[in-house]
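Single-letter residue listing:
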Amino acid sequence: MMNVAVIGSGTMGNGIAHVFAQHGFPVSLIDISQPALDKALGTIGKNLDRQVAKGSLSEDDKAATLGRITTFTSIAEGVRGVELVVEAATENVDLKLQIFRDLDQHAPEGAILASNTSSISITKIAAVTKRADKVIGMHFMNPVPVMKLVEVIRGYATSDEVTSRIMEISRQLGKTPTEVNDYPGFVANRILMPMINEAIITLFEGVAGVEEIDTVMKLGMAHPMGPLQLADFIGLDVCLAILRVLHEGLGNPKYAPCPLLVNMVMAGRLGVKSGEGFYSWGHGTKDLIVADRFKK
Ligand code: CAA
């Protein structure tokens, strides 16, 4: 099995490391702080426990999966001898460009450099390296161990060979890869974010309340979560950042973020991670409770 490095141990990074390790790939998990890495290993352990509890994984497979993950706090050390790097650091352009410069310098010459970015241009990231043909988007969905899709994004210079290799590796992870081209929001977020934005506009204009909007989409369209709950789950700051990429990159006013979304982000109401968004979180129950602000 090829050695893989995953950069970033947050929600997406630990999920990506989990899935590669579970499917037999030795994984170097890299982050800047050891406590963040320790926390990620704890999260992966808990998520593997869910699979054990469901009977989809044995205790031995769990131990073997954890045994395949080694942690590093340095890119230079962590990418030694790897054939593939999947970057899942914070969604910040300058940070990602710096990481790709470092990766280009330290990763073996033939290694493929993939990014899990949800909306930053793969072409732009590739342009800071001397191997643009080997830079590609590998966009996993949250929660990574559960969601079947990998959106594979071809940058302007990504080669056919690298694309088919990443499609094949995604299949080895038990995922269904889908090849798309590198334009703002790719496909997943170009379609998902306008839907979420429209749900927020529908609330903002008083057409219906939080629960009503989510119920229509959950029961009427068989979505596992309504768009407002999903926005809380993704993070309202992330939704806003992606809408801005669509708005700026495509130049069409239809992508303009709803002023309510902008206000909520400015007020620090970011959804699950901040404890409140359209719903209130962290109350310790599994009930969906609409935030006070939106109660009728
Ligand atoms: N690791 C492992 N297993 C997990 C898990 C995790 N992190 N999270 C959930 N699961 C498992 C559970 O154990 C459970 O397993 P079984 O089906 O075998 O029982 C299953 O997933 C369902 O979980 P729950 O019963 O806890 O809850 P649920 O039925 O409400 O499902 C959900 C949870 C899978 C998150 C579901 O609500 C869902 O699919 N929501 C929509 C998710 C979505 O749209 N994600 C994409 C977001 S967009 C994105 O990621 C990209 C971007 O760029 C913004």
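Residues numbered from 1 in each chain as written. Predicted model: local features only at pLDDT ≥ 70, side-chain atom pairs only at ≥ 80, totals over all residues. Heavy atoms only, no water.

J.: How should I be thinking about the sheet that holds strand S5 (residues 112–115) in this particular structure?
T.: The strand order across the open sheet formed by eight strands is S3-S2-S1-S4-S5-S6-S7-S8, and the pairing between neighbours is mixed. Two strands lie at the open edges of the sheet, namely strand S3 (69–72) and strand S8 (176–181), each paired on one side alone. Shown here is a sheet whose adjacent strand axes are inclined to one another by a mean of 25°, direction ignored. Of the strand pairs in this sheet, S5 and strand S6 (residues 135–140) are connected by three bridges, and their pairing is parallel. In the sheet register, Ser115 faces S6, and the bridge partner there is Gly137. Each of strand S2 (27–30) and S3 is contacted by helix H2 (residues 34–54), which is oriented at about 160° to S3, the strand it contacts most. (Pairing = 2+ DSSP bridges. Helix = DSSP H or I, 4+ residues; strand = E, 2+ residues; numbered from the N terminus. Axes fitted to C-alpha atoms, helices over the stretch in contact; angles between N-to-C directions. Contact = heavy atoms within 4.5 Å.)

J.: For this particular structure, what's the right way to read the UniProt feature "domain: 3-hydroxyacyl-CoA dehydrogenase NAD binding" (unreviewed entry) in the protein chain?
T.: In the numbering used here, UniProt assigns the feature "domain: 3-hydroxyacyl-CoA dehydrogenase NAD binding" (unreviewed entry) to residues 3–182. End C-alpha atoms of residues 3–182 are separated by 26 Å, and the span's content is 43% helix alongside 21% strand. (UniProt positions renumbered as here; feature names shortened; annotations may be inferred.)

J.: Is there a simple way to think about the UniProt feature "site: Important for catalytic activity" (unreviewed entry) in the protein chain in this case?
T.: Here, the residues flagged by UniProt with the feature "site: Important for catalytic activity" (unreviewed entry) are His139. Here His139 is to be found in strand S6. Those residues in contact with His139, other than ones at most four positions away along the chain, are Ser115, Asn116, Thr117, Ser118, Leu149, Val150, Glu151, Ile153, Ala188 and Asn189. Of note is the side chain of His139, whose polar atom sits 2.8 Å from the side chain of Glu151. (Polar contact = N/O pair within 3.5 Å; in protein donor to acceptor, adjacent residues only side chain to side chain.)

J.: For this particular structure, what's the right way to read the site of the ligand?
T.: As a structural note, the neighbourhood of the ligand is formed by 17 residues, with Arg50, Lys54, His139, Asn142 and Asn189 the closest of them. Between Asn47 and the ligand, the recorded distance is 3.4 Å, taken from a side-chain N or O atom to a nitrogen atom. Between Asn189 and the ligand, the recorded distance is 2.9 Å, taken from a side-chain N or O atom to an oxygen atom. Sorting the residues of the shell around the ligand by element identifies H2, helix H8 (188–204) and helix H10 (227–234) as the ones contributing at least two each. Looking at which element gives the most residues to the shell around the ligand, the answer is H2, with three residues. Partitioning the shell around the ligand into residue classes produces ten nonpolar, five polar and two charged. Counting contributing residues per domain, the shell around the ligand is built from domain 1 (4–181) and domain 2 (189–294), each supplying no fewer than three. (Near = heavy atom within 4 Å. Nonpolar A, V, L, I, M, F, W, Y, C, P; charged D, E, K, R; others polar. Domains from an automatic or database assignment.)

J.: Just checking my understanding: could you explain unusual backbone geometry for this structure?
T.: Only a minority of non-glycine residues have a phi that is not negative, and only a minority of peptide bonds are not trans. A cis amide bond links Asn142 with the next residue in sequence, Pro143, at an omega value of -5°. Locating Pro143 in the fold gives a position in the loop between S6 and strand S7 (149–154). A positive phi angle, near 50°, is found at Phe186, a position not held by glycine. Even without being a glycine, Ala222 presents a positive backbone phi close to 55°.

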